[in-house]
Amino acid sequence: MKVFFWGTRGSLPASVWAKDCREKAFKTLEAARGIDLPDADAINDFIENTLPFSVSGTYGTNTSCIELRDSQQPNEYILCDAGSGIRDFAHHHMISGRGKSPATFHILMTHLHWDHICGFPFFVPAYIPGNRVVFHGYHEQIPDAIKHQMDTPCFPVPFKYMGADIEFNIMPPCQPLQLGGFDITSIEQNHPGIAYGYRFARDGKVIVHSTDSEHKEDAYDEDYRFLKFFHEADLVIFDAQYSLAEATFTKADWGHSSNVLGIELAARSSVKHLCMFHNEPTATDSDLEEFLFNSRMYSEIYHSEHQKDPAATRYPKQVSLAYDGLEIEV
Ligand SMILES: [Zn+2]
Ligand SMILES: [Zn+2]
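Residues numbered from 1 in each chain as written. Chains lettered and ligands numbered in written order. Predicted model: local features only at pLDDT ≥ 70, side-chain atom pairs only at ≥ 80, totals over all residues.

Peer 1: Teacher, can you tell me more about the domain arrangement of the protein chain here?
Peer 2: One widely used convention gives an interface's size as the accessible area the parts lose upon coming together. Domain annotation of the protein chain identifies domain 1 (2–14 + 59–329) and domain 2 (18–31 + 38–56). Averaged C-alpha coordinates put domain 1 and domain 2 at centres separated by 30 Å. (Domains from an automatic or database assignment.)

In structure tokens form, the structure reads like this:
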């Protein structure tokens, strides 16, 4: 099972300025000073193994959209949320030539905040007759939110001009569903207006998508319901927009969570890979790299304090930070 991340920022798309690129160019040349780079292989090796990711790459700009790859149905795609990242999915789909065949696009909605729907007006496959788009979710306002964001004066092309067959599968809260060979269960999450997390299971592997979710004091309870929802997942995509200090003090009740709580919940639920998500849009690439470094440090500290047996398996085995264009295989 593979997950591809098309959009990983929270709340609002992020920006990249010319000065940011200039700074990366400067840091690259500075790091290369005195190093012999005679050919393309040497340069690629230097980029890959010497430069930090914040210099050689970027965490990206798009808001929430992930793709669960390898549906067992032909010409079927499974996406979560329709933030600005869905525009890049659509663009790659069209230029790959796959856009020539009619296809079905399932879009599971966590909730309807702007950053999770704003890409849909730019979702080219929805304008092509013969395609099918099915929104799945638990908010009864899904059809209105998707359609009305395209009304005058907010958008020039009304929803009715979308030529694909567009359906809305609005389910009773947390009703399980099956798509593309995945058994999908869900959980209600603490977020303004409620958001839902999804747990995808297939062939003994589990991926959990849990974004826009704030964990409060009950997260420390032994029977906290998320421990069961995350239990032994191969990958948990977790809303870690804030530091612990922000989540606890300045941004309490804003509906998001922290890296520290993500690590603790992943450790207590035996999660193999914790991928932090819904990145703060004002954070620079170096801010995010430092955030990841601190998170991994905290994971080490948490293990040393809570696990006296060094031979025991340590969870999470891996801590990463999502970026636009990342693919994770479990
Ligand atoms: Zn969000
Ligand atoms: Zn939200």
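Peer 1: Help me understand helix α4 (residues 85–95), please; the structure alone is not making it clear to me.
Peer 2: Residues that lie three or four places apart on an α-helix share one face, since the helix turns once every 3.6 residues. Buried within α4 we find G85, I86, R87, F89 and A90. Buried residues along α4 sit against β1 (2–7), β2 (65–69) and β3 (76–80). (Buried ≥ 20, exposed ≤ 12 C-beta atoms within 10 Å, placed from the backbone. Helix = DSSP H or I, 4+ residues; strand = E, 2+ residues; numbered from the N terminus. Contact = placed C-beta atoms within 7 Å.)

Peer 1: Before we go on, may I ask you to explain the pairing of β1 in this structure?
Peer 2: Looking along a regular strand, one sees side chains alternate from face to face of the sheet. Direction of pairing for β1 relative to β2: antiparallel, over a ladder of 5 bridges. Of the residues in β2, the one forming a bridge with F5 is I66. (Pairing = 2+ DSSP bridges.)

Peer 1: Would you mind showing me how to read the sheet that holds strand β10 (residues 205–210) here?
Peer 2: Across a sheet, paired strands are connected by hydrogen bonds in the backbone, their directions being either parallel or antiparallel. Strand order in the open sheet formed by 7 strands is β7-β8-β9-β10-β11-β12-β13, with mixed pairing between adjacent strands. Either end of the sheet is taken by a strand with one partner, and the two such strands are β7 (177–179) and β13 (318–321). Averaged over all neighbouring strand pairs, the angle between strand axes comes to 20 degrees, with direction disregarded. As paired strands, β7 and strand β8 (residues 182–189) are joined by 3 bridges and run antiparallel to one another. For Q178, the partnering residue across the bridge sits in β8 and is D183. Where helix α8 (residues 259–268) meets the sheet, it contacts β11 (235–239), β12 (273–277) and β13, and its direction lies at approximately 155 degrees from that of β12. Of the strands in this sheet, β12 and β13 are in contact with helix α9 (residues 285–306), which crosses β13 at around 165 degrees. (Axes fitted to C-alpha atoms, helices over the stretch in contact; angles between N-to-C directions.)

Peer 1: Would you mind showing me how to read the nonpolar core here?
Peer 2: As a rule of thumb, nonpolar side chains are buried together in soluble globular proteins. Grouped together as the largest cluster of nonpolar side chains are 71 residues, with contacts concentrated most on L79, I86, F230, V236, I237 and L274. A total of 5 residues in this core trace back to one element, the largest contributor, which is α8. Setting aside residues no more than four positions away along its own chain, I86 makes contact with W6, C65, L79, G119, F120 and F123. (Core = buried A, V, L, I, M, F, W, Y, C linked by C-beta atoms within 7 Å.)

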